[in-house]
Amino acid sequence: MYAYQALLLGLALGLGALAYEHGFDNPVAVAGLAVTAALAERGRIRIGEITEASISVLPTVFAAAVLGPFAAMIVASASFVGDFPLFPSSGSRREVDRRAAPYLKWGIYTCIRAVYGGAAGFAALAATTAIRAEVPHLIAATIVAAVVAEPLDVAFAALTLWLRGGMVRAFLRTFSPIIFVAVSFYAPIVALLAVAYVKVSPWTLPLFFVPGLAAQRLFGLYQGQRRLADDLGE
């Protein structure tokens, strides 16, 4: 797992160096998207025995389509910042190794987010180079970013689970059908938001993501109450 972490870190740094050359517009928007992604990830919803989900990919897809690959890497990486583990490192060697495991997990998933964010940004750039009209460009960039980001996220998560000896088949059975449905559902919404951001006002971002976070929170509460009712029924 340490070698896997090193490989992911090298890949993320390489992508970051390439993405930095493209820069990004509106650092305020990038910061706002990063905070939104972090809040969304902290409010993950359990949808299975070993799986959780959130809407943190939406700000990443938006950043990849509108603000470029470097912005997408920042937003995607920031989504996992709230999971940074806090604990003392003193104790025996075995105790320190045990306590280091959450840091390793945090580092791996942060790098995964950075990699799929950068890949989505570069894919959006490559696929829309020949599209000159602004609105079609934004729509195409959003769709491409979503189609790249979502499967990459699931693929990296499955690879990580496999390296840890986890139940990869159960994970893929849960998430593989969700990929197509999720992309089909949110890609048009994020594309519309991208057009509104460019054509109307940057203030359309909070008008979309604040209700989105609230909806995720409400759905999480509903899932929790349903599980409680099922447990009581048993």
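## Digging into the packing of aromatic side chains
Right, on to step 1. Per the counting criterion, the structure on display carries 3 aromatic pairs.
Right, on to step 2. Here Tyr 20 and Phe 70 contribute two aromatic rings whose centre-to-centre distance is 5.3 Å and whose plane-to-plane angle is 75°, an arrangement assigned as edge-to-face. Of this pair, Tyr 20 sits in helix α1 (residues 2–20) while Phe 70 sits in helix α4 (residues 69–78), placing them 50 residues apart in sequence.
Right, on to step 3. On the accessibility criterion, Phe 70 (18% relative accessible area) is buried.
Right, on to step 4. Between Phe 62 and Tyr 197, the aromatic rings sit 5.3 Å apart at their centres with planes inclined by 85°, giving edge-to-face as the arrangement. Of the two residues, Phe 62 is situated in helix α3 (residues 57–67) and Tyr 197 in helix α7 (residues 168–199); the sequence distance between them amounts to 135 residues.
Right, on to step 5. Residue class for Phe 62 comes out buried when judged on its relative accessible area of 0%.
Right, on to step 6. What makes Tyr 197 buried here is its relative accessible area of 9%.

## Here's the deal with the environment of Arg 113
Right, on to step 1. Positionally, Arg 113 belongs in helix α5 (residues 93–127).
Right, on to step 2. Between the C-alpha atoms of Arg 113 and Val 75, which are 38 residues apart in sequence, the distance is 8.7 Å.
Right, on to step 3. Those residues within four positions of Arg 113 in sequence are excluded, and the remaining contacts are Glu 41, Ser 56, Ala 76, Ser 77, Ser 79, Phe 80 and Asp 153.

## With respect to helix α2 (residues 27–42)
Right, on to step 1. Compared with the 22 Å implied by 1.5 Å per residue over 16 residues, the 23 Å span of α2 between its first and last C-alpha is a close match.
Right, on to step 2. Restricting attention to buried positions, one finds in α2 the residues Ala 29, Val 30, Leu 33, Ala 34, Thr 36, Ala 37, Ala 38, Ala 40 and Glu 41.

## Here we look at the side chain of Ser 56
Right, on to step 1. Note that Ser 56 resides in the loop between β2 (52–53) and α3.
Right, on to step 2. Take Ser 56: its relative accessible area is 4%, and that puts it in the buried class.
Right, on to step 3. At 2.8 Å, the side chain of Ser 56 and the side chain of Glu 41 are in polar contact.

## Overview of α4
Right, on to step 1. Counting buried residues along α4, 8 of its 10 residues qualify, which places the element largely inside the surrounding structure.
Right, on to step 2. Among all positions in α4, only Pro 69, Phe 70, Ala 71, Ala 72, Met 73, Val 75, Ala 76 and Ala 78 are buried.

## As for the side chain of Thr 142
Right, on to step 1. In this fold, Thr 142 is placed in helix α6 (residues 134–163).
Right, on to step 2. Given the relative accessible area of 0%, Thr 142 is considered buried.
Right, on to step 3. A polar contact of 2.8 Å, which involves the side chain of Thr 142, links it to the backbone oxygen of Leu 138.
Right, on to step 4. Filtering out sequence-adjacent residues up to four positions away, Thr 142 remains in contact with Val 61, Ala 65, Ala 187, Val 190, Ala 191 and Ala 194.

## Topic: the pattern of salt bridges
Right, on to step 1. With the rule as written, the count across this model stands at 2 salt bridges.
Right, on to step 2. Measuring nitrogen to oxygen at the nearest pair gives 3.1 Å for the salt bridge that ties Glu 41 to Arg 113. Taken as a pair, Glu 41 in helix α2 and Arg 113 in helix α5 lie far apart in primary sequence, 72 residues in all.
Right, on to step 3. Judged by its relative accessible area of 3%, Glu 41 falls in the buried class.
Right, on to step 4. Put simply, Glu 134 and Lys 199 hold a salt bridge, and the shortest N to O gap is 2.9 Å.

## Section: a nonpolar patch on the surface
Right, on to step 1. Nonpolar side chains collect at one region of the surface, where Met 1, Leu 159, Trp 162 and Leu 163 lie side by side and expose about 380 Å² of accessible area between them.
Right, on to step 2. Locating Leu 163 in the fold gives a position in helix α6.

## Brief notes about the nonpolar core
General note: in soluble globular proteins, nonpolar side chains tend to be found buried as a group.
Right, on to step 1. Among the nonpolar cores identified, the biggest contains 59 residues, and Phe 62 and Tyr 186 are the most heavily contacted of them.
Right, on to step 2. Broken down by element, this core gets its largest block of residues, 13 residues, from α7.

## Concerning the confidence of the model for the protein
Right, on to step 1. A residue-level look at the protein finds 79% of positions with pLDDT of 70 or above and a mean pLDDT of 81.
Right, on to step 2. The secondary structure element of the protein with the lowest average pLDDT is helix α8 (residues 204–233), at 60, and the one with the highest is α4, at 94.

About the criteria used
- Residues numbered from 1 in each chain as written.
- Predicted model: local features only at pLDDT ≥ 70, side-chain atom pairs only at ≥ 80, totals over all residues.
- Heavy atoms only, no water.
- Phe/Tyr/Trp six-rings, centres within 6.5 Å; stacked < 30°, edge-to-face > 60°.
- Helix = DSSP H or I, 4+ residues; strand = E, 2+ residues; numbered from the N terminus.
- Buried < 20%, exposed > 50% of the residue type's maximum accessible area, 1.4 Å probe, protein only.
- Contact = heavy atoms within 4.5 Å.
- Expected span 1.5 Å × (residues − 1).
- Polar contact = N/O pair within 3.5 Å; in protein donor to acceptor, adjacent residues only side chain to side chain.
- Salt bridge = Lys/Arg side-chain N within 4 Å of Asp/Glu carboxyl O.
- Patch = residues over 30% accessible without salt bridge, like charges linked within 9 Å, V, L, I, M, F, W, Y side chains within 5 Å.
- Areas by Shrake-Rupley, 256 points an atom, 1.4 Å probe, with all protein chains shown as cover.
- Core = buried A, V, L, I, M, F, W, Y, C linked by side-chain atoms within 4.5 Å.
- pLDDT = per-residue confidence, 0-100.

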